[in-house]
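Secondary and tertiary structure notes
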Amino acid sequence: MRSRLSAENFETWLAPIAWGGCDDGKLLLRIPNKFYADWIRTHYLDLMLELLRDKSGVRNLDVSWEVDERLAVELKKQEPVRPSAPPPASTVRSSEPARIQANLNPKYHFESFVVGPSNQLAHAASIAAASSPGSRYNPLFIYGGVGLGKTHLVNAIGHRVLQDKPNARILYVSAERFTNEFIAALQNHKMDEFRNLYRNLCDVLLMDDIQFLAGRDQTMEEFFHTFNALYHSDKQIVVSSDVYPQQMKAMEERLISRFQWGMVADIQAPELDTRIAIVKKKAEQERIDLPDEVAHFLAETVQSNVRELEGTLLRLAVKAELMKRPLDLVFAREALRGSQPRRESVTTVDDIQRAVCEYYNIRMADLKSHRRHRSVAQPRMIAMYLCRQRLNTSYTELGDRFGGKDHTTVMSAVRKIESRILSQDAEVLASVQAIAHRLDRT
Ligand code: ADP
Ligand code: MG
């Protein structure tokens, strides 16, 4: 297509696209962000298909897209475009270390991760695991909904370990890729190589989206042995999932119990302030000039998850640039018309108290009383913790709302639950989760 397009358009729109494979006349193209798919579909797809049909002789070709954020990073690294030089002869190393490719996403560092009440725990645990890998927080299990930062944190751990120990052998792999590699190794009689890589040549294993293994018995079995081999040689294991370990159906019990040996940390959806901070950070990273009021507007409008928020910001910025319009509130409103700003989550202290009472089957009066019996003290502490975590209500106000208690009482209750969670108290974890679910449903 190079000969048909201007150099600028080619570099901007076509060059960043990568080949993703071909299946039964369906071509998979990998693109840096969603915006590419729309733009190419409207401007270049016909030409592209015409040329492809011409060259291949295949008549019904179709194209599908897959967003691969790494491409965006490569894109930035490449400019200015230079012809690539052949690697100097000295880079040829012994085959072993060269085989290990960490596969980390260069964008996802701790420095670019915004911390708020919703992800504080997972962030702290990730930092702890990265600073002394293979010790206390091993394995580290991070769970949370889609687009809330699991992959980001998992990668950040890898980067941080490498920063401290440049020779550490880090391996980031999605459970899906692990599965594919495992199957390929089986088929090609390369199991020794596969096992050597995952069990011996790796100091930190970062396994993303482990829920993918559920129901895949053979891969799960393989992972179980990988886990044991690494764990028993004090190698750090980090696992992410979009479900809580105990709720992973069709996941082997013994694997689930392994995950609970270390630390389980959850990520909740970010509240408004955190969302604002995230949009601002992304704008800064992408060099988008973003007025405060627009950041605010975006954070209020897009609440579902961070990936969506980020995508909306980029789309808006590209659109403003193409239309030569300033990225101000008027433009943002216009561009996002249809997606009405929804009100900030309506959860209140009252909602949380009620949900806790329902869950434990106790009376509101007891929750707010001064009784110290465990049957009411524990629910009370959990309710206080949830209020802090979800609403960020001040300790003083919480004291008032819980029947006139001192702010230090509230503070120590919250700390107590936090430390139970950190030490993986199964009962506390399960209750917090179940109550959080109740709140999200209403
Ligand atoms: P998950 O793996 O949980 O589905 P990701 O880690 O892929 O989510 O996050 C989706 C996008 O949102 C990524 O671009 C990530 O950088 C961004 N993101 C999520 N949480 C944060 C955060 N707290 N601070 C900055 N960026 C975030
Ligand atoms: Mg992910």
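Residues numbered from 1 in each chain as written. Chains lettered and ligands numbered in written order. Predicted model: local features only at pLDDT ≥ 70, side-chain atom pairs only at ≥ 80, totals over all residues. Heavy atoms only, no water.

1. So, the packing of helix α8 (residues 175-187) against helix α9 (residues 191-200)
Viewed as axis vectors pointing N to C, α8 and α9 meet at an angle of 145°, and their least axial separation amounts to 8 Å. Taken together, the residues of α9 that come into contact with α8 (itself represented by Phe 178, Glu 181, Phe 182, Ala 185 and Leu 186) are Met 191, Phe 194 and Tyr 198. Residue composition of the contact of α8 with α9, by class: seven nonpolar, no polar and one charged. (Axes fitted to C-alpha atoms, helices over the stretch in contact; angles between N-to-C directions. Helix = DSSP H or I, 4+ residues; strand = E, 2+ residues; numbered from the N terminus. Contact = heavy atoms within 4.5 Å. Nonpolar A, V, L, I, M, F, W, Y, C, P; charged D, E, K, R; others polar.)

2. As for the domain arrangement of the protein chain
When the parts come together, some accessible area is lost, and that loss is often what is quoted as the size of the interface. What the domain assignment reports for the protein chain is domain 1 (7-78), domain 2 (110-267), domain 3 (272-341) and domain 4 (345-441). Its C-alpha centre places domain 3 at a distance of 34 Å from the equivalent point of domain 4. (Domains from an automatic or database assignment.)

3. Overview of helix α12 (residues 272-285)
Taking 1.5 Å as the rise per residue, α12 with 14 residues should run 20 Å; its terminal C-alpha atoms sit 20 Å apart, in good agreement. Buried within α12 are the following residues: Leu 272, Thr 274, Arg 275, Ile 276, Ile 278, Val 279, Lys 282 and Ala 283. Here the buried face of α12 lies against α7 (150-164), α13 (292-301) and α14 (306-322). Following α12 by one or two positions, Arg 287 has its phi on the positive side, about 55°. (Expected span 1.5 Å × (residues − 1). Buried < 20%, exposed > 50% of the residue type's maximum accessible area, 1.4 Å probe, protein only.)

4. Regarding the nonpolar core
Among the nonpolar cores identified, the biggest contains 61 residues, and Ile 210, Phe 223 and Phe 259 are the most heavily contacted of them. Mapping this core onto the domain boundaries places at least three of its residues in each of domain 2 (110-267) and domain 4 (345-441). Beyond its immediate stretch of four places on either side in the chain, Ile 210 contacts Phe 141, Ala 175, Phe 223, Val 239, Ser 240, Ser 241, Met 248, Met 251 and Phe 259. Ranked by size, the runner-up nonpolar core spans 27 residues in total, among them Leu 104, Leu 148, Leu 153 and Val 161. (Core = buried A, V, L, I, M, F, W, Y, C linked by side-chain atoms within 4.5 Å.)

5. Overview of the pattern of salt bridges
Pairing of side chains with opposite charge becomes possible as their charged atoms draw close. This model, assessed by the stated rule, comprises 18 salt bridges. A salt bridge links Glu 111 to Arg 160; the nearest nitrogen and oxygen atoms lie 3.4 Å apart. Placement of the pair is Glu 111 in the loop between α5 (95-99) and α6 (120-131) and Arg 160 in helix α7, with a sequence separation of 49 residues. By relative accessible area, Glu 111 is classed as partly exposed at 48%. Through salt bridges with shared partners, one network takes in Arg 169, Asp 203 and Lys 235. (Salt bridge = Lys/Arg side-chain N within 4 Å of Asp/Glu carboxyl O.)

6. With respect to the sheet that holds strand β1 (residues 18-23)
Across the sheet, three strands lie side by side as β1-β2-β3; this open sheet has mixed pairing. Whereas interior strands pair on both sides, the edge strands pair on one side only; in this sheet they are β1 and β3 (62-67). Taking the axes of each pair of neighbouring strands and ignoring which way they run, one obtains an average angle of 25° across the sheet. Relative to β3, strand β2 (residues 26-31) runs parallel, the two being bridged by six bridges. (Pairing = 2+ DSSP bridges.)

7. Brief notes about the sheet that holds strand β5 (residues 170-174)
The strand order β5-β6-β7-β4-β8 describes an open sheet built from five strands, whose pairing is parallel. Single-partner strands in this sheet number two, and they are β5 and β8 (263-267). This sheet shows a mean twist of 15° between the axes of neighbouring strands, independent of strand direction. Across four bridges, strand β4 (residues 140-144) lies against strand β7 (residues 236-241) in parallel orientation. By the bridge assignment, Tyr 143 is partnered in β7 with Ser 241. Most of the contacts of α8 go to β5, to which it runs at about 95°, and overall it touches β5 and β6 (204-208).

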